[in-house]
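Letter by letter, the chains look like this.
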2 protein chains.
Amino acid sequence: MLPSRSIAPVLMRAVDLIRKKRDSGEHSREEIDFLIAACTRGEIPDYQMAAWLMAAWLRGLSRAETAALTEAMLHSGEVVDFSELPARKVDKHSTGGVGDKTSLILAPIVAAGGLYVPMISGRGLGHTGGTLDKLESIPGFNVNLSLADFRRVLRECGMALIGQTAEIAPADKKIYALRDVTATVENLGLICASIMSKKLAEGIDALVLDVKTGSGAFIRQEEDSVRLAELMVDTGRRMGKKVVALITDMNQPLGRFAGHSVEVLESLEVLSGRGPADLRELSLELSAWMFFLGGRTPGVDEGRRLAEEMIASGKARDKFRECIRRQGGDARVVDEPDRLPRAAHRAQIPSPASGYLAATKCAQFGAALAVLGGGREKQEDSIDHAVGLEFHKRIGDRVAAGEALLTVHYNDQRRLAAAQELLADSCEIAAQPPREIPKLVKRLIGA
Amino acid sequence: MLPSRSIAPVLMRAVDLIRKKRDSGEHSREEIDFLIAACTRGEIPDYQMAAWLMAAWLRGLSRAETAALTEAMLHSGEVVDFSELPARKVDKHSTGGVGDKTSLILAPIVAAGGLYVPMISGRGLGHTGGTLDKLESIPGFNVNLSLADFRRVLRECGMALIGQTAEIAPADKKIYALRDVTATVENLGLICASIMSKKLAEGIDALVLDVKTGSGAFIRQEEDSVRLAELMVDTGRRMGKKVVALITDMNQPLGRFAGHSVEVLESLEVLSGRGPADLRELSLELSAWMFFLGGRTPGVDEGRRLAEEMIASGKARDKFRECIRRQGGDARVVDEPDRLPRAAHRAQIPSPASGYLAATKCAQFGAALAVLGGGREKQEDSIDHAVGLEFHKRIGDRVAAGEALLTVHYNDQRRLAAAQELLADSCEIAAQPPREIPKLVKRLIGA
């Protein structure tokens, strides 16, 4: 046989694309398409994808490469078409944080307000919680709908909350698993493509992004969060979608609770017109943008008023009840929250000193929750839906020595001890009040 | 199960080492040992090694890391112990070039001069030739000796020429295969560790390195060749070996022939006191350093005189004859070179203009040889030992339009056409003689 390199027609080869990215080259759309299509078909071995991912991590991806990657990953699987529905389809995506349960609140608000919310969510991994795990704390709630059932529930109810299916962006599924074990997760282009390919496969018209920043966020530096937000907005718009991003604070948990059933409970509080101010505020703000981008209201302010109305009238709460019922869950939890699983024991974490809560190591709360049994190391791990953390102080609050900073809701004594170790230094107590209280919504990108 | 991250004892994990190298960290000896041992045992999947290799390629490896990597790879397999032999064991390694056949000349010279040469060589890959392929053009010559037979031939004959066995540096074998398909070959630390781990496994006391530089070398820039040479000398010395490196020119082929049987033929010419000046000169220089480092002569000059004497007396030629016989080959080729395979046809490549040979695209000669059937794309490809290239001009030589620059020795008309295409622009003809003729031995490192 003649050596193929010299006289055979030139074919695209993975090794040449790896070399190009290694040497800081910019890939063409055709190159990205080849890479993702061949990877999805299993024609590029994992070791070549891993080498390319590390080269991309270290050399970076341009905006055009990121858009091409997003589109190639999106088209690696099924792209849902909801164009037959009579109103716009809108969704929200958060980059993840501790106590971030706004999905459970804004989806019923926006669906009650007349738009469709086809929400495909993830599970918790690492220190951040996942919407699916929270929903599964509701007895019977089924997040594993087929695409046909997803479509039916959405049409009938206006909202549907499911997990990623095998049909949606299979390239992302494969590549994400590889990034997780090759230290190539935290790259803006790769993160953007992963998030946006899945979200755009939902058949939405508009998307509101909640990009967290701070000690409990996946991305801690605000400038990095802004860059990711800009990249995602740009990528979504290149594909004809209405997109804005809010940069929001994650230097402390959102709301008073982190866990699963405790977060459902708190979401029901907000849907009932109560609940903590920060959670209510962010849920309303995100809902307002969804109404506006979905063309339901002429402006964001009107969107906010509509959201408030959906809560005050009880319509959002009704919508949540309906969604639970349609997805096989025990809808009685909405009115009888005691039906949600509760941890057997409580323990308090006292403040070591008197003063002011100055800062929190917010990611450690998530880690402690995982140790309690409420998080997973690997996707296959099972979790305890009843455990949780209850936060009694917010940054800037006064606290006396010995006063409870947190209450731990736990089921297992040994796990409690491990969690206590992580929680012991999670709160910084200062003699003086902090000069600045973190603003909840820090910036708006793309508006 | 409790999440292992938080409360299990801390174990070394490949993903953490990948992240460390990605973030420009320097690995400890323990980390390198873990990585290589676990990789050799198949406990680290290829995709993690590939990601680490790309991170190492882009971030670089320190001298200490390179030495640790070399040692870990060396100890991934058997390290031959020849300490029972009554004289020093010395070897030479070349980074590879076109027409580089010095191994076939210096091994008999040095063995005839009283030292042991336990030489484990490679096959040709890409545009550079391999000693094993050249040896296999001798009918019956067996390069696949067991370690026991290798030891026996070396003891009885003073030299033995074999290929890498499964026992020698298995980590290198695995990692090299991965580097080849992940665009992570050309990194000085990785190259050094790959070369030195194999050479040090031979049980040698001293090593002379021939680091090629120029248009036909694997590393084209002289400064990079010097850096690689310094790294290899440093690494070898850290492990207690006597090592020097010669930086030698590869802007044109070494000697008049490139191929397999034609190179054996040319080597026999030099061993008979004839042959082209450049090949003879470099073979003597490398032999001289081997005699000196092996403690056979008090200086390099004396080593050179001893090498010349081994040729003049016919002892080196006798030694080569003996080695061929002991390794199963037809030793009559030494005196009756017509017994070597010869290509059926000849074709000339004429000069397109009158003037001076100013430069060559030397790697293209190697590529043309591969296309003729004399090289391989993959390790499994079989090759034609009879084809070759004969070079009629050296840089600086005058040439008339239409005069032959090369003669192609070929067997297949279709392959000839492909080779002619590559050869057409391989020689640069200038109106003026080149200002500078490349010096054969450019620098000496570590002397």
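Keep in mind the model is a prediction, meaning the values are calculated, not measured.

A. Examining the overall build of chain A more closely. Check the secondary structure of chain A and you find 17 helices and 13 strands. Here the C-alpha radius of gyration of chain A, 23 Å, is about what a compact globule of 447 residues would show, namely 22 Å. Within chain A, the fraction of its 447 residues that count as buried is 59%. Looking at chain A alone, contacts between residues at least 24 apart form 78% of all its contacts between residues at least 6 apart. Summed over all atoms, the accessible surface of chain A reaches about 17000 Å², with 48% contributed by carbon and sulfur. For chain A, the distance from the average site of its 59 positive side-chain charges to the average site of its 60 negative ones is 1 Å.

B. Spotlight on the nonpolar core. The biggest cluster of nonpolar side chains holds 117 residues, and the ones touching the most others in it are Ile109(B), Leu209(B), Phe365(B), Leu389(B) and Leu406(B). Summarising the domain contributions, this core has at least three residues from each of domain 2 (90-337) and domain 3 (343-430) of chain B. Ranked by size, the runner-up nonpolar core spans 116 residues in total, among them Ala217(A), Leu228(A), Ile247(A) and Tyr410(A).

C. Layout of helix 11 (residues 222-238) of chain A. Residues and elements named next belong to chain A. Helix length check: helix 11, at 17 residues, gives a terminal C-alpha distance of 24 Å against a target of 24 Å (1.5 Å per residue), a fit within 8%. By the burial criterion, the buried members of helix 11 are Ser225, Val226, Leu228, Ala229, Leu231, Met232, Val233, Asp234, Thr235 and Gly236. Looking at the buried positions of helix 11, the neighbouring elements they touch are helix 5 (63-74), helix 10 (188-200), strand 4 (206-213), strand 5 (242-249) and strand 13 (441-445). Trailing helix 11 by a residue or two, Gly240 shows a phi angle of about 80°, which is positive.

D. Spatial organisation of the domain arrangement of chain A. Domain annotation for chain A reports domain 1 (14-74), domain 2 (90-337) and domain 3 (343-430). A straight line from the C-alpha centre of domain 1 of chain A to that of domain 3 of chain A covers 41 Å.

E. Looking closely at the sheet that holds strand 13 (residues 441-445) of chain B. Residues and elements named next belong to chain B. Spatial ordering of the open sheet is given by 1-4-5-13, a layout of 4 strands whose pairing is mixed. The open sheet has two edge strands with one neighbour each: strand 1 (90-94) and strand 13. Taken over all neighbouring pairs, the strand axes of this sheet differ in orientation by 20° on average, direction set aside. Relative to strand 13, strand 5 (residues 242-249) runs antiparallel, the two being bridged by 4 bridges.

F. Main features of the pairing of strand 2 (residues 117-121) of chain B. Residues and elements named next belong to chain B. The buried fraction of strand 2 amounts to 5 of the 5 residues, a majority that puts the element mostly inside the structure. A two-sided burial pattern is seen for strand 2, the buried positions comprising Val117, Met119 and Ser121 on one face and Pro118 and Ile120 on the other. With 5 bridges joining them, strand 2 and strand 3 (residues 159-163) adopt parallel strand pairing. By the bridge assignment, Pro118 is partnered in strand 3 with Ala160.

G. Highlighting the side chain of Ser287(B). Residues and elements named next belong to chain B. Along the chain, Ser287 turns up in helix 13 (residues 277-293). With relative accessibility at 0%, the residue Ser287 sits in the buried group. Those residues in contact with Ser287 that sit more than four places away from it in its chain are Leu106, Ile109, Val110 and Ala307.

H. Summary view of the pattern of salt bridges. Residue and element names in this part refer to chain A. As enumerated under the stated definition, the model contains 82 salt bridges over all chains in all. As a salt-bridge pair, Arg304 and Glu285 come within 3.0 Å of each other at their nearest N and O atoms. Of the two residues, Arg304 is situated in helix 14 (residues 300-312) and Glu285 in helix 13 (residues 277-293); the sequence distance between them amounts to 19 residues. For the salt bridge of Arg317 with Asp335, the shortest nitrogen-to-oxygen distance reads 3.3 Å. Residue Arg317 is located in helix 15 (residues 315-326), and its partner Asp335 is located in the loop between helix 15 and strand 7 (345-350); the two are separated by 18 residues in the primary sequence. For Arg317, a relative accessible area of 22% puts it in the partly exposed group. Here Asp335 falls in the partly exposed class, since its relative accessible area comes to 41%.

I. Just the sheet that holds strand 6 (residues 257-259) of chain A, in detail. All names here are of chain A. Taken together, the 4 strands give an open sheet; going across it, the order is 6-9-11-7, and neighbouring strands pair in antiparallel fashion. Because the sheet does not close on itself, it has two edges, and the strands there are strand 6 and strand 7. Averaged over all pairs of adjacent strands, the angle between their axes in this sheet comes to 20°, without regard to strand direction. Examined bridge by bridge, strand 9 (residues 388-391) and strand 11 (residues 404-410) share 4 bridges and lie antiparallel to one another. Following the sheet pairing, Gly388 is matched in strand 11 by His409. Packed on one face of the sheet, helix 12 (residues 261-271) meets strand 6 and strand 9 and runs near 140° to strand 6. The sheet contacts of helix 16 (residues 362-374) involve strand 6, strand 9 and strand 11, and relative to strand 9 the element is tilted by about 145°.

J. Fine view of unusual backbone geometry. All names here are of chain A. With a phi close to 40°, Ala169 is a non-glycine residue in the positive phi region. Tracing the sequence through the fold places Ala169 in the loop between strand 3 (159-163) and helix 9 (170-181). With a relative accessible area of 0%, Ala169 lands in the buried category.

K. The packing of helix 5 of chain A against helix 11 of chain A, seen in detail. All names here are of chain A. Two numbers describe how helix 5 lies on helix 11: the axes approach to 10 Å, and their chain directions differ by 60°. Classed by the angle they form, the pair helix 5 and helix 11 counts as oblique. Here helix 5 and helix 11 pass one another in a crossing that is right-handed. The residues of helix 11 that touch helix 5, namely those facing Arg63, Ala64, Thr66, Ala67 and Thr70, are Glu230, Leu231, Asp234, Thr235 and Arg238. Class assignment for the residues of the contact of helix 5 with helix 11 results in 3 nonpolar, 3 polar and 4 charged.

L. Layout of the confidence of the model for chain A. Residues and elements named next belong to chain A. With 96% of its residues at a pLDDT of 70 or more, chain A has an overall mean of 93. Considering only residues more than four positions removed or in separate chains, one finds that residues 1-10, a stretch of pLDDT under 50, has 15 contacts. Per the prediction output, this complex has pTM 0.86; the corresponding ipTM is 0.84.

M. Quick look at the environment of Glu428(A). All names here are of chain A. For Glu428, the location among the structural elements is in strand 12 (residues 427-430). C-alpha separation for the pair Glu428 and Lys92, spaced 336 residues apart in sequence, amounts to 32 Å. When residues no more than four places from it in sequence are discounted, the contact partners of Glu428 are Tyr356, Leu357, Ala358 and Ala359.

Rules used throughout
Residues numbered from 1 in each chain as written. Chains lettered and ligands numbered in written order. Predicted model: local features only at pLDDT ≥ 70, side-chain atom pairs only at ≥ 80, totals over all residues. Heavy atoms only, no water. Helix = DSSP H or I, 4+ residues; strand = E, 2+ residues; numbered from the N terminus. Rg over C-alpha atoms; globule rule 2.2 N^0.38 Å. Buried < 20%, exposed > 50% of the residue type's maximum accessible area, 1.4 Å probe, protein only. Contact = heavy atoms within 4.5 Å. Areas by Shrake-Rupley, 256 points an atom, 1.4 Å probe, with all protein chains shown as cover. Lys, Arg positive; Asp, Glu negative; His and termini not counted. Charge placed at Lys NZ, Arg CZ, Asp CG, Glu CD. Core = buried A, V, L, I, M, F, W, Y, C linked by side-chain atoms within 4.5 Å. Domains from an automatic or database assignment. Expected span 1.5 Å × (residues − 1). Pairing = 2+ DSSP bridges. Axes fitted to C-alpha atoms, helices over the stretch in contact; angles between N-to-C directions. Salt bridge = Lys/Arg side-chain N within 4 Å of Asp/Glu carboxyl O. Parallel < 35°, antiparallel > 145°, perpendicular 65-115°, else oblique. Left-handed = near helix turned anticlockwise from the far one by under 90°. Nonpolar A, V, L, I, M, F, W, Y, C, P; charged D, E, K, R; others polar. pLDDT = per-residue confidence, 0-100.

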